[in-house]
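Structural features, examined
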Amino acid sequence: DWGRQSTRLVDATKSSATHFELSFTFDTTIETSRDPATAGAASDLILGGGVDLVVMEAVRVGLVRSAPSEVCVSANRTYEWLPNQITTYLLSAREIESIVEKLCVTAKQKEIKPEKRRELLGAAANWLTVLSTYRKASGALTVEVALERMFEDLRADFE
């Protein structure tokens, strides 16, 4: 239903052991859905992204001259932050609701191991946080709440 054409360029550069820069370039054309079932807030598009970071701990070994003919070994603890994976997404609110539903259904299956179940439910919770943040910022309602309010208004009109 959604027409998308996209070229995306993501670049990560590291200028020192403690500094890196991320740049995102998007050239995207988006057409809204022609499906009447996804009209309203459910068809609102949410653009987001993030980066996973890897923090490496290491011991930096160096040589220190303590006297003209003596060299000592020094060891200092150091940390290095590296970008691991960059993630971007452009989804409708309805698509995110569908993802949450699929994650929860999968997590309930008997053959899913407890560790995987926690991972799936954690991912669902993250997507619900995205929706919650979006709805707080935009004032958008869930489809269920919007329909409930519409039916309450209709019932009041007939009474």
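Residues numbered from 1 in each chain as written. Predicted model: local features only at pLDDT ≥ 70, side-chain atom pairs only at ≥ 80, totals over all residues. Heavy atoms only, no water.

**Observations regarding the pattern of salt bridges**
To be explicit about the condition: Throughout this description, the term salt bridge denotes a Lys or Arg side-chain nitrogen within 4 Å of a carboxyl oxygen of Asp or Glu. To qualify as a helix, a DSSP run of H or I must reach at least 4 residues; to qualify as a strand, a run of E must reach at least 2; elements of each kind are numbered from the N terminus.
Under the defined criterion, the tally for this structure stands at 4 salt bridges. Between Glu 57 and Arg 77 there is a salt bridge, with its nearest N and O atoms 3.1 Å apart. Of the two residues, Glu 57 sits in strand E3 (residues 45-67) while Arg 77 sits in strand E4 (residues 70-92), which places them 20 residues apart along the sequence.

**A short note on the layout of surface pockets**
Leftover empty space is mapped by rolling, across the atoms, a probe with the size of a water molecule. Heads up, the rule is: Within this scheme a cavity is a closed region of a 1 Å grid, computed over the protein atoms alone, that accommodates a 1.4 Å probe without allowing it to escape, whereas a pocket is open but has protein on both sides within 12 Å along at least five of seven lines; lining residues each have an atom within 4 Å of a point. Grid points are joined across faces, edges and corners, and a volume is the space filled by probe spheres set on the points. When residue character is reported, Ala, Val, Leu, Ile, Met, Phe, Trp, Tyr, Cys and Pro are called nonpolar, Asp, Glu, Lys and Arg charged, and the others, Gly included, polar.
Estimates place the volume of the second largest pocket at around 160 Å³. Together, Thr 87, Tyr 89, Ala 123, Asn 126, Trp 127 and Val 130 line the second largest pocket. Those elements that provide at least two residues to the lining of the second largest pocket are E4 and helix H2 (114-138). Here the residues of the lining of the second largest pocket are counted per class, giving 4 nonpolar, 2 polar and no charged.

Purely geometric stuff here, so don't read any function into it on its own.
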